[in-house]
Amino acid sequence: MSMAAKKMTKAQLINALAQKTGHSKKDIATVLITLVELAYAEVKSGSEFVLPGLGKLVRKDRSARMGRNPKTGQTMQIPAKKVVKFRVAKACKEAIL
């Protein structure tokens with residue numbers, strides 16, 4: 001039996017970055033918030049947001065399609081929509097796997 005891996009919380013991430021860089025937690029938190037806001041704005045404008053060595057956020061237009069209601073089995077039209085995807089960088093895959 002294996003134990004579930006614990007997730008790093010935002011506070012733990014800020015603490016770890018502050019210890020490694022020697023900057024204050026407040027400065028690190030400001031940088032993280034700014035980074036997230038910048039990523040949202042870039043992807044929302046139709047561009048993509050790249051974090052070198054980690055991956056990139058991209059917005060895709062998903063076309064309308066026919067689907068099936070799993071409860072009733074009835075076919076239905078699924079409308080088109082926009083989705084956000086994260087593509088993992090090759091360097092990240094190689095470092096982890």
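Please read all numbers here as calculations on a predicted model, not as lab measurements.

Visitor: Explain the packing of helix 1 (residues 10-21) against helix 2 (residues 25-44) to me, please; I cannot follow it from the model alone.
Guide: Between two packed helices, both the angle of their axes relative to each other and the distance between the axes serve to describe the pair. Here helix 1 crosses helix 2 at 120°, and the two axes come no closer than 9 Å. Between helix 1 and helix 2, the crossing angle belongs to the class labelled oblique. For the element pair helix 1 and helix 2, the recorded crossing hand is right-handed. Together, Lys10, Leu13, Ile14, Asn15, Leu17, Ala18 and Thr21 of helix 1 and Lys25, Ile28, Ala29, Leu32 and Ile33 of helix 2 make up the contact between the two elements. For the contact of helix 1 with helix 2, the per-class residue count stands at eight nonpolar, two polar and two charged.

Visitor: Mind showing me how you'd approach the pairing of strand 3 (residues 65-68) here?
Guide: A regular strand carries its side chains on alternate faces of the sheet. In this structure, strand 3 lies alongside strand 4 (residues 75-78), joined through four bridges in antiparallel fashion. The residue of strand 4 that forms the bridge with methionine 66 is glutamine 77. Counting the residues that bridge the hairpin from strand 3 to strand 4 gives six residues, and of these glycine 73 lies at a positive phi of roughly 80°.

Here is what the cut-offs are and how they apply
- Along each chain, numbering runs from 1 in the same order as the chain's sequence is written.
- Totals for whole chains, interfaces and linings use all residues, but because this is a predicted model, local features are given only for residues with pLDDT of at least 70 and pairs of side-chain atoms are given and counted only at 80 or more.
- Note: side-chain values were computed over all heavy atoms of the structure, leaving out hydrogens and water.
- For helices, the axis comes from a line fit to the C-alpha atoms of the stretch in contact; other axes are also lines fit to C-alpha atoms, and the angle between any two N-to-C directions lies between 0 and 180 degrees.
- A run of H or I in DSSP becomes a helix once it reaches four residues, and a run of E becomes a strand once it reaches two; helices and strands are each numbered from the N terminus.
- Should an angle fall under 35 degrees it is called roughly parallel, over 145 degrees roughly antiparallel, and 65 to 115 degrees roughly perpendicular, with every other angle called oblique.
- Left-handed is the label given to a crossing in which the near helix is rotated counterclockwise from the far helix by less than a right angle, and right-handed is the label when the rotation is clockwise.
- Throughout, a contact is declared for two residues whenever any of their heavy atoms are within 4.5 Å.
- Classification used: nonpolar for Ala, Val, Leu, Ile, Met, Phe, Trp, Tyr, Cys and Pro, charged for Asp, Glu, Lys and Arg, polar for all others including Gly.
- At least two bridges found by DSSP between two strands are what make those strands a pair.

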